[in-house]
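The residues making up each chain are set out below.
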Amino acid sequence: MSADAALLADVLARATARGATAADGFLIEEQSFSASVRLGQVDTVTHSREQRLALRVFAGRASAAASTSDLSRESLERVVDEATALARVTAEDPHAGLPDAAELIEHVPDLQLEDHEGPEPTPEDKIELARRAEAAALAADPRITNSEGAEYFDRRAHYAYATSHGFARGYSTSSFGLTVSPVAAKDGEMQRDVWYSYARRRRALEDAESIGRTAAARALRRLGARKVKTAEVPVIFDPDTAASLLRSIAGAASGPSLYRRASFLLERLGTRIAAPSVTIVDDGLLPGALGSRPFDGEGLATRRTVLVGEGKLESYLLDSYSARKLGLASTHHASRDGAGVSVGTTNLMLRPGTTSPQDLIGSVKSGFYVTELIGFGVNGVTGDYSRGAAGMWIEDGRLAFPVEEVTVAGNLLEMFDRIEGIGNDLVLRDRVAAPTLKIARMVVAGD
Amino acid sequence: MTENIARMPPERFFSERFDVTPSLMERLLGSNLAGRVDDADIYLEYRVNEELVLEENVVKKASRHVSQGAGVRAQSGARTGYAHTDDLALKNLEEAARQARAIADRSGGSGVVAVAGRGRPHDLYTLAEPPIVTELARKLDLLRRIDAACRAADPRVRQVIVSLTSEEVVMLIATASGWTVGDVRPLTRLNITAIAEDGGRREIGGFGGGGRVPFDFYLEADRWKRFATEAARQATLKLSAIDAPAGTMTVVLGPGWPGILLHEAIGHGLEGDFNRKGVSAFAGRLGQKVASELVTVVDDGTIANRRGSLNVDDEGTPTGRNVLIENGILRGYMQDRLNARLMGQAPTGNGRRESYAHPPMPRMTNTFMLAGQDDPREILKAVSRGLYAVNFGGGQVDITSGKFVFSASEAYLIEDGEITKPVKGATLIGNGPDALTRVSRVGYDLALDEGVGTCGKDGQSVPVGVGLPTIRLDGMTVGGTAV
């Protein structure tokens, strides 16, 4: 038995001895390194080692959770005692409990989530990668005059999960990232933008110079930005901003929002919620992808879930508790970030179309191409949507001038219904990804 | 069941529990770091957090989290080496110090010139009974009473979610200049979310408060009942709200929480790091006019029992009352030690971090505008058409371009000087260096928020406060859907 499994087994045995009728534990151990460089000089280098145990105990149908980063015997005993004591004061809940032991994953597939290629580069080599990325951005144009810096990070983690019915499995992951944030300036105006690459394998990171040049181009195209007049026009979301719309859909489709009746997708299962061209899939089994995991936070095997199929809401996103409350089966989306259990997606993607982004822009006489969104103006209960935006104005099918200090507003259900163009440019750069999306009309508020 | 960690001074707590004494911390700093760096420190933290959640009429979720760790930092010029560990064993602390120092070795540091700790720490939140130790039965009983009061406030309230968090952080920091200081920080927050339904329409509303206060804070003058009623009102009000207007108009902000405008529009832009790097829209503008002369803004970490207050910041510097803008003129930035040293300024007690796992950076504490002369009713009466916004969700700013947004959760149309219909989904957007030049009236009704703010920067969250009197802004852009 590995040290992790032994530690978890001890903790769960103590919980049972203290009167818990069932318990589960999730142990995360990670080591990370990050280095930032600004204007060619090292800025901050961080090393860390962390570990965290998240424990859930049941006393009949009542439950409580606890977590600790102190894995000493004394501390673990205290955590177990506190959690079992807490479980005695919470109310009975007929839907509480672990998943059936028979449903837990048996064989953990190798999803290629860990980089085994050696040798490990030195900290100097890693710093150099950030330096090269930033240097490429600074060299791209004389108007790139400053920088918020470039950052490299890597992280290796091991996850172990065990239940009081004897289940114990684990898996390891690695992740790497490189981001650059240059500042462009002209006539007293400053604009910052960012570009990045994340991957499970070091060698899958995008070339440092290419990240730097993309970041520079993004900052440069914002120079000279202005407000536009308030109007209702076609709006095109670039892939990164379109991905944020998927996150809002996933939030509304998640079990806790639904049983609390706090979702605009309530009672919409099986009905059309988007244009027929829209298919949204959450696929946690893609080899080597950032959001992949062999099993969820309750030991249930990861799947490929069609969330929206040709416009129709095909599935919610559920852990076992929210599934029982809704009279449905878990979709294996339990996530275990803190001590409790929540719902989280894996690799969430909108299926690409066949039109190039250039042709989508070309189809608009006068409209707005969105490249950045800020603020929190999304209401998950009603779908009402109003966020700050920056991007480019489209005139006669071409990107004409940069735009800032405006908002885009509508309602998410109407926006997904009004999707009239889907780009062919889906790239899984992060855990959530979308191609360029064209929405027939939204309100852009400015002057 | 609950250990009373607050009863012990931080020095004794860490030495009894983990065998880490101030002299050991000094030795780690001395043998590993002295003479090679400009500044260095070791930060120890122990945190206990308890959360109770009521939904569907019963308390179903209870959790308790413990985290502990040490962060070791070495600085040389503008470079920072930071290492943290959650295992306080000596060998891990030595390894962290070695990793932090590696950065300084690469640069050939100039020896310790760290700013010595100045002044005495404040005593802003010593509590007879910190919220983390209050017995569970009393907390559970309060959650049930809040649930009942919120539902009783309006029959259209269908769901109530109440959460109560109680936290205690013990920290101890030793710096290379020989200054060791600790702090014990209680914090509590009560949050009430109501979901109302009427016909086919559903809406969500919320209210809450807290601070570095005892549990009894919620019982004083039936504060809990006011919060519960207010959450119900926020949700039901929106059931009849109309779509927000879109376009440029006069905006009146109510007192208290709308001070989030200051936090987003100018606060972040006045943090030292962005200004040292020259990437803030306010960089190089000290002494210049950046706001209407009616506007004076301070950041004050020394107000007793407030959510954003600290006896010392997370670098050991006592907090202060720092004037950011005085009668419209930009007077000062908020600084941590690194940026103060590099800019030739004094630290202002604004060096904060989320936890031992994060290096400190300049952050706000309680940021607010001082009261003016105007009667709030007169301010409203003088507006022929505009938006009156009294509660907000979150906000965000692009520090470099200065553009900010914040979302109103409670707002009304102003028509001919009267508050008329409630509107939903209004987002305000503006330009930081320009927004406060549009302030044309300032009320005498300064209020601080109820104690719910959390600020995020570079992935680090810290509790903050804001405050504002009623103000009028001319020509703000409102991002609604009604053209």
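Residues numbered from 1 in each chain as written. Chains lettered and ligands numbered in written order. Predicted model: local features only at pLDDT ≥ 70, side-chain atom pairs only at ≥ 80, totals over all residues. Heavy atoms only, no water.

## What about the sheet that holds strand E11 (residues 312–313) of chain A?
All names here are of chain A. Spatially, the five strands line up as an open sheet ordered E11-E10-E9-E14-E19, and their pairing is mixed. Single-partner strands in this sheet number two, and they are E11 and strand E19 (432–433). Note: strand E14 (residues 348–350) against E19, two bridges, orientation parallel. Across the sheet, the residue bridging to Met 349 is Ala 433, located in E19. (Pairing = 2+ DSSP bridges. Helix = DSSP H or I, 4+ residues; strand = E, 2+ residues; numbered from the N terminus.)

## Focus: the packing of helix H3 (residues 123–139) of chain A against helix H4 (residues 208–220) of chain A
Pairs of packed helices are described in terms of their axes, by the angle between the two and the distance that separates them. Residues and elements named next belong to chain A. Packing of H3 against H4 leaves a shortest axis separation of 7 Å and a crossing angle of 40°. Judged on the interaxial angle alone, H4 and H3 are oblique. When the axes of H3 and H4 are compared, the crossing they make is right-handed. Counting all contacts with H3, which are made through Leu 129, Arg 132, Ala 133, Ala 136 and Ala 137, the residues of H4 involved are Ala 208, Glu 209, Gly 212, Arg 213 and Ala 216. Here the residues of the contact of H3 with H4 are counted per class, giving six nonpolar, one polar and three charged. (Axes fitted to C-alpha atoms, helices over the stretch in contact; angles between N-to-C directions. Parallel < 35°, antiparallel > 145°, perpendicular 65-115°, else oblique. Left-handed = near helix turned anticlockwise from the far one by under 90°. Contact = heavy atoms within 4.5 Å. Nonpolar A, V, L, I, M, F, W, Y, C, P; charged D, E, K, R; others polar.)

## Quick look at the interface of chain B and chain A
Between chain B and chain A, the contact holds 74 residues from the first and 73 residues from the second. Across the interface of chain B and chain A, roughly 6100 Å² is buried in total on both sides, 51% from carbon and sulfur atoms. Our count for the chain B to chain A interface comes out at nine salt bridges. As a salt-bridge pair, Lys424(B) and Asp384(A) come within 2.7 Å of each other at their nearest N and O atoms. The interface formed by chain B and chain A holds 39 residue pairs in polar contact (both at pLDDT 80 or more) in total. Considering every element that reaches the side of chain B that touches chain A, the biggest residue donor is strand E2 (residues 58–76) of chain B, with eleven residues. Classifying every residue of the side of chain B that touches chain A by side-chain character gives 27 nonpolar, 28 polar and 19 charged. In terms of strand pairing, strand E2 (residues 41–59) of chain A meets strand E3 (residues 79–85) of chain B through six bridges, oriented parallel. (Buried area = accessible area lost by both parts, 1.4 Å probe. Salt bridge = Lys/Arg side-chain N within 4 Å of Asp/Glu carboxyl O. Polar contact = N/O pair within 3.5 Å; in protein donor to acceptor, adjacent residues only side chain to side chain.)

## Thoughts on the pairing of strand E8 (residues 247–253) of chain B
Residue and element names in this part refer to chain B. Among the seven residues in E8, six count as buried, and that is most of the element. As judged from the six bridges shared by E8 and strand E24 (residues 471–479), these two strands associate in the antiparallel manner. Looking across to E24, one finds that Val 251 is bridged to Leu 473. The pairing of E8 with strand E15 (residues 385–397) spans four bridges and is parallel. Among the inter-strand pairings, Thr 250 is bridged to a residue of E15, identified as Gly 386. (Buried < 20%, exposed > 50% of the residue type's maximum accessible area, 1.4 Å probe, protein only.)

## What to know about the packing of helix H1 (residues 3–17) of chain A against helix H2 (residues 73–89) of chain A
Residues and elements named next belong to chain A. Closest axis-to-axis distance for the H1/H2 pair is 9 Å, and the angle between their directions is 40°. In this view, H1 runs oblique relative to H2, as classed from their interaxial angle. The two elements H1 and H2 meet at a crossing, and its hand is right-handed. Facing Leu 7, Asp 10, Val 11, Arg 14 and Ala 15 of H1, the residues of H2 in contact are Arg 73, Leu 76, Glu 77, Val 80, Asp 81 and Thr 84. Residues that form the contact of H1 with H2 fall into these classes: five nonpolar, one polar and five charged.

## Let's talk about the domain arrangement of chain A
All names here are of chain A. For chain A, the domain assignment lists domain 1 (3–34 + 48–103) and domain 2 (225–447). When each unit is reduced to the centre of its C-alpha atoms, the spacing between domain 1 and domain 2 is 34 Å. Each partner contributes to the interface: domain 1 provides 16 residues, whereas domain 2 provides 13 residues. Carbon and sulfur atoms supply 55% of the area that domain 1 and domain 2 bury against each other, a total of about 1200 Å² over both sides. Of all residues in domain 1, the largest losses of buried area upon contact with domain 2 belong to Phe 26, His 95 and Pro 99, amounting jointly to 43% of the total for that side. Scanning the region where domain 1 abuts domain 2 turns up two salt bridges. Where Arg 56 meets Glu 298, a salt bridge forms, and the shortest distance between an N and an O atom there is 3.2 Å. Mapped by element, the contributors of at least two residues to the side of domain 1 that touches domain 2 are strand E1 (22–38), E2 and strand E3 (62–68). Of the residues assigned to the side of domain 1 that touches domain 2, the class counts are nine nonpolar, three polar and four charged. (Domains from an automatic or database assignment.)

## Some words on the sheet that holds strand E9 (residues 297–300) of chain B
Residues and elements named next belong to chain B. If you walk across this open sheet you meet the six strands as E11-E10-E9-E14-E23-E20, and the pairing is mixed. Sheet topology places strand E11 (329–330) and strand E20 (447–448) at the edges, where each strand pairs with a single neighbour. Across four bridges, E9 lies against strand E10 (residues 321–326) in antiparallel orientation. Paired with Asp 300 across the strands is Arg 321, a residue of E10. Strands in contact with helix H6 (residues 260–267) are E9, E10, strand E14 (366–369) and strand E23 (465–468); relative to E23, the strand with the most contacts, it is inclined by about 105°.

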